[in-house]
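The residues making up each chain are set out below.
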Amino acid sequence: MKSQEIRAKFLAFFESKKHDIVPSAPMVLKDDPTLMFTNAGMVPFKEYFLGNGIPKNTRLTDTQKCLRVSGKHNDLEEVGKDTYHHTMFEMLGNWSFGDYFKKEAIDWAWELLTEVFKIDKDSLYVTIFEGDESEKLERDQDAYDLWKNHISEDRILNGNKKDNFWEMGAQGPCGPCSEIHVDIRSEEEKAKVDGKTLVNQDHPLVIEVWNLVFMQFNRLADGSLENLPAQHVDTGMGFERLCMVLQGVQSNYDTDVFTPLMREIETITSSKCGHKEETDIAVRVIADHVRAVAFSIADGQLPSNTGAGYVIRRILRRAIRYGFTFLNTKEPFIYKLVNTLVKQMGESFPELKREKNLIVNVIREEEQSFLRTLDQGLILLDTVIANTKGDTISGEKAFELYDTYGFPIDLTALILSEKGLKLDEEGFQVELQKQKDRSRNASKVETGDWTVLIEDAEEEFIGYDTLEASVKITRYRKTESKKDGELYQLVFNLTPFYPEGGGQVGDKGYLEVPNGEVVYIIDTKKENNLIIHLAKNLPRSTEGTFKAVVDEKQRFRTSANHTATHLLHQGLRKVLGTHVEQKGSMVHSRNLRFDFSHFSKVTTEELKAVENFVNARIRESLPLEEQRGIAYDQAIKEGAIALFGEKYGDAVRAIRFGKSMELCGGTHVQSTGDIWHFKITSEGAVASGIRRIEAITNDAAKEYFTSETEAYNKVKATLKNAQDPVKAITSLLDENTALKKQVEALIKEKAQNLSGDLEKEFQEVNGVQFLAKKVDLDAGAIKDLAFKLGQNKNDVFLLFGTEQNGKALLSCYISKELVDSKGLNAGQVVRELGKHIQGGGGGQPFFATAGGKNPAGINTALEAAKDFLD
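As the structure is a prediction and not an experimental result, all values here were calculated from the model. Once a new chain begins, its residue numbering starts again from 1 and follows that chain's sequence as written. Reporting of local features is limited, given that this is a predicted model, to residues whose pLDDT is at least 70; pairs of side-chain atoms are given and counted only at 80 or more, and all residues count toward the totals for whole chains, interfaces and linings. Side-chain measures were taken over the full set of non-hydrogen atoms in the model, leaving aside hydrogen atoms and water.

1. As for empty space enclosed by the protein
Using a grid of 1 Å spacing that covers the protein atoms alone, one calls a set of points a cavity when a 1.4 Å probe fits there but cannot get out, and a pocket when the set is open and has protein on both sides within 12 Å along at least five of seven lines; lining residues are those with an atom within 4 Å of a point. Grid points are joined across faces, edges and corners, and a volume is the space filled by probe spheres set on the points. Throughout the structure, instances matching the rule amount to two cavities of 30 Å³ or more. Space inside the second largest cavity adds up to approximately 40 Å³. Here a strand is any run of E in DSSP of at least two residues, a helix any run of H or I of at least four, and the numbering for each starts at the N terminus. Listing elements by their share of the lining of the second largest cavity, those giving two or more residues are α1 (3-16) and α11 (338-345). Among the elements that take part in the lining of the second largest cavity, α1 stands out by supplying three residues, more than any other. In terms of residue class, the lining of the second largest cavity is made up of three nonpolar, three polar and one charged. Classification convention: Asp, Glu, Lys, Arg as charged; Ala, Val, Leu, Ile, Met, Phe, Trp, Tyr, Cys, Pro as nonpolar; all other residues, Gly among them, as polar.

Structure follows, in structure tokens:
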């Protein structure tokens, strides 16, 4: 049975059980502060489990894209080494929100597996929660009795809390679960060892295929459990594992989910699986990782150096590294796999088709960049090896290569072993742990339980129509972190505060208490469908009615910038072409940032044309036309643009200014004339095929022009009010260039004259021609002088010091012969002596420089230079 058919049969089965089929949510989460990625099938439905939203249908089914590469669920280092771990995978699921419970979930799971998919009943085992005395939780007897109707009791196994009690996180909905395991070993192997002894023992052929979670408790901050108001069902079946079972193979990678990609990798790299384990692992790693990276880019996350983007870059670099090391590929090739992936999965996940060109361009550029990094890292590693005494490279140096230059630690270890050297792995792990601890401590947030004051099923946002409202606090909780300190999160029954989302920052403002007390709202965010208002303190009494007021000035500036992004999008499509699509934005009160697809740098003339287009729309004072609750399909039919990586429901909000129409939940000005003026401040590349424009409007634009006018007037005054300042500046530049040439010639002459005098000042120290002296030359002249003095000798150790513009500079030259014979290193010399001038530096073993802020230490450094020859 082909994978496409397996996926379709699963969905059709639950559709026949009155479930709505919903599309996969994006794998990359933009507005959830608790998660970077969708790491389980239930994540898109968190708000329903928490009671913060009401689904249209209490029965849903889907196949959800998931990524497990960070935090608690991190499978990255296992991927490729075994046959069943993956970064990106599909989770088939069926969901009940306060509807059916254990009986239906168990009956339907058995029916689907044994009657629809025809899995041999004698190969199946199920587990139930055995209970836990410490939690005062009883054995899940209900599940046991229900399973007895389908499977013999000797195949119903007890499972502990780790395996059979599922939790969303440290807090939140949780409950017992039943896992369904399948034994796909040969009959001979089954006769030797009973399958029940291998369940949950990480056997590659006795695997969990489906988990039925029965949500019935809520975990509180103190660790205690309380009953949920309604019972839910959350099931998750690993699609890749199911395909392995139904296709009669013994590895996920032997299913048609992966074989087309793996064959293409073999073809491109001239490799062949089945002969060397390292080749097999590399091909599996690349096949898995290209899926994760491609889907992430399609969902709106580009590789970067921070957050989710860093994780995606790390996955891709791991794939590149395996190709580089084990498949001998020194040129980009992973981007060529995207065609195969799109052909294979594009029908089920149309975002792959839609973003194919972007995915190809981004992966290709990342490959080129990282291959350059690997080349640079190899040179740096050679330097580290050359400067190491003994046969062990320090963990600190290896970590510097890994952390600063992105050079993979396993590649470092491999190269060292090939050269007969060792890596101080323990030292590396110490440095790595320090970094993890710093990161963890910086981001750790301790969150208390909600104190519920008013049961309110749905919070209403009224901020499109008003900036003030009388509100009641329905719930609050306390959070504490190293970054933000102690904060309170407040939820109101209704709110005029816009929560951060869609690229727009959250509103600020205040809460006015009837007694005159004021609580300042410093930010507004959205979490699990709740609009959360962040404050440094609580009102003395949390009951009663409060006046919620949004900061009008900040909201207006932010709205002006948001409307400007719509006009900018329209202008870019008009000037550059309709291939332009928004790929991200950030709207603050002070400025806006807009990322878009385009194949080359935007010229000055094109930027001016875009700027003129936007300002023309501003002068037209186009009114805001807003459609709330319009059907998604209808809005698209009317010409609305849906934005990259955003998740839309069936009903959406459409914003129109003239011919610009987009789906948007953000706030906007009532007329484009309110923007006043639009000014582009920068344009540059973000990734291959992605450009970024930064711009300002309104008050920021006024301040910009005021500042520019003041600067212009100062320039004119400096030029004695020249009638043509540009001509006057050009004349000054020409004169400066001529004077520079004269100065350079004089310095060169001075250095040549000085070299003759310095030749006589060398002294012999332990067989080395030594000279340490303070000179009045710039860095370039010092370098020329040092190389001139050393060109005819093979035993020179020079150290020059100079003071330039209040800063100190040390330059060290050592003959290459001395570097080899005595193990001297100019880089180490200047790093050590740089301490005297309160600075540091580096360079090559034969020439290096150090800069510092303490010129008074130059003489001390010169005196200490001789110590290196003792």
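2. As for the sheet that holds strand β36 (residues 839-843)
Paired through backbone hydrogen bonds, the strands of a sheet run either parallel or antiparallel to each other. If you walk across this open sheet you meet the six strands as β32-β33-β34-β35-β37-β36, and the pairing is mixed. Two strands in the sheet have a free side with no partner beyond their single neighbour: β32 (763-765) and β36. On average, each strand axis in the sheet is inclined to that of its neighbour by 20°, with strand direction left out of account. Two strands make a pair as long as DSSP finds a minimum of two bridges between them. Direction of pairing for β36 relative to strand β37 (residues 847-852): antiparallel, over a ladder of five bridges. When the bridges of β37 are listed, Gly 841 appears paired with Ala 850. In what follows, a contact means two residues having at least one pair of non-hydrogen atoms within 4.5 Å. Between N-to-C directions, angles span 0 to 180 degrees; the directions come from axes that are lines fitted to C-alpha atoms, helices contributing only their stretch in contact. Packing of helix α22 (residues 779-790) onto the sheet brings it into contact with β34 (796-804), β35 (807-814) and β37, and relative to β34 it is tilted by some 165°. Against the sheet, helix α24 (residues 826-833) touches β34, β35, β36 and β37, its axis set at about 150° to β35.

3. Quick notes on the side chain of Arg 7
Tracing the sequence through the fold places Arg 7 in helix α1. Every residue in contact with Arg 7, bar those within four places of it in the chain, is listed here: Thr 63, Glu 90, Leu 92, Phe 239, Met 345, Ser 348 and Phe 349.

4. A closer look at α24
Residue exposure (1.4 Å probe, protein chains only): buried if accessible area is under 20% of the type maximum, exposed if over 50%, otherwise partly exposed. Looking only at α24, the buried set comprises Ala 826, Gly 827, Val 829, Val 830 and Leu 833. All buried residues of α24 project into a common sector of 160° when viewed along the axis, lining one side. Among the structural elements, β34, β35, β36, β37 and α25 (858-864) are those in contact with the buried residues of α24. This arc corresponds to the set of directions leading from the helix axis out to the C-beta atoms.

5. Structural notes on the sheet that holds strand β31 (residues 690-697)
Strand order in the open sheet formed by four strands is β25-β26-β31-β30, with antiparallel pairing between adjacent strands. The open sheet terminates on both sides in strands that have one partner only, identified here as β25 (582-587) and β30 (678-687). The mean angle between the axes of side-by-side strands here comes to 15°, regardless of whether they run parallel or antiparallel. For β30 and β31, the ladder comprises eight bridges, and the chain directions are antiparallel. Across the sheet, Lys 679 pairs through a bridge with Ile 696, a residue of β31. Seen against the sheet, helix α18 (residues 604-619) touches β30 and β31 and runs at an angle of roughly 135° to β30. Across the sheet, helix α20 (residues 698-718) is in contact with β30 and β31; its angle to β31 comes to roughly 85°.

6. Overview of the nonpolar core
Among buried residues, those of type Ala, Val, Leu, Ile, Met, Phe, Trp, Tyr and Cys that are joined through side-chain atoms within 4.5 Å constitute a nonpolar core. Trp 147, Ile 180, Trp 210, Leu 242, Ile 334 and Ile 363 are the most contacted members of the largest nonpolar core, which totals 117 residues. Counting residues per element, this core draws most heavily on helix α9 (residues 277-298), which supplies 13 residues. If sequence neighbours within four positions are ignored, Ile 334 has contacts with Ile 286, Val 290, Leu 316, Ala 319, Ile 320, Ile 363 and Glu 367.

7. Thoughts on the packing of helix α10 (residues 307-326) against helix α13 (residues 356-386)
Contact geometry for α10 and α13: axes closest at 10 Å, N-to-C directions at 65°. For α10 against α13, the interelement crossing comes out right-handed. In this structure, α10 uses Arg 313, Leu 316, Arg 317, Ile 320, Arg 321 and Phe 324 to contact α13, whose residues at the interface are Ile 363, Glu 366, Glu 367, Ser 369, Phe 370, Leu 371, Thr 373, Leu 374 and Leu 378. The handedness criterion is simple: a crossing whose near helix is rotated anticlockwise from the far helix by less than a right angle is left-handed, and one whose near helix is rotated clockwise is right-handed.

8. A few points about a nonpolar patch on the surface
Surface patches are defined over residues having more than 30% relative accessible area and no salt bridge, joining like charges when they lie within 9 Å and nonpolar side chains (Val, Leu, Ile, Met, Phe, Trp, Tyr) when within 5 Å. Accessible surface is estimated by sampling points in the Shrake-Rupley manner with a 1.4 Å probe; for residues, cover comes only from the protein chains shown. By definition here, a salt bridge exists when the distance from a side-chain nitrogen of Lys or Arg to a carboxyl oxygen of Asp or Glu is within 4 Å. The grouping of Val 518, Tyr 520 and Ile 522 at the surface amounts to a nonpolar patch, some 260 Å² of accessible area in total. Inspection of the secondary structure assignment puts Tyr 520 in strand β22 (residues 518-527).

9. A few points about the environment of Leu 205
With respect to the element layout, Leu 205 can be found in the loop between α6 (187-192) and β10 (206-219). According to the relative accessible area criterion, Leu 205 is buried, its value standing at 9%. A C-alpha to C-alpha distance of 9.5 Å links Leu 205 and Tyr 84, two positions 121 residues apart in sequence. Those residues in contact with Leu 205, other than ones at most four positions away along the chain, are Val 182, Asp 183, Ile 184, Arg 185 and Gln 250.

10. Describing the pattern of salt bridges
Between side chains of opposite charge, a pair can form as their charged atoms come close. Considering all chains together, one arrives at 45 salt bridges under this definition. Across the salt bridge formed by Glu 347 and Lys 353, the nearest N and O atoms sit 2.5 Å from each other. Under the relative-accessibility criterion, Lys 353 is labelled partly exposed at 42%. What emerges from the salt-bridge pattern is a single network uniting Glu 135, Lys 161, Glu 167 and Arg 219.

11. Comments concerning α22
Note that an α-helix has 3.6 residues per turn; residues three or four places apart therefore point the same way. Here the expected length of a helix is defined as 1.5 Å per residue gap, with one fewer gap than residues. Its 12 residues place the ends of α22 17 Å apart at the C-alpha level, agreeing with the 16 Å of an ideal helix rising 1.5 Å per residue. Among the residues of α22, those classed as buried are Ala 781, Ile 782, Leu 785, Ala 786, Leu 789 and Gly 790. The buried residues of α22 occupy an angular sector of 155° when projected down its axis, which confines them to one face. On its buried side, α22 packs onto α21 (725-759), β34, β35 and β37.

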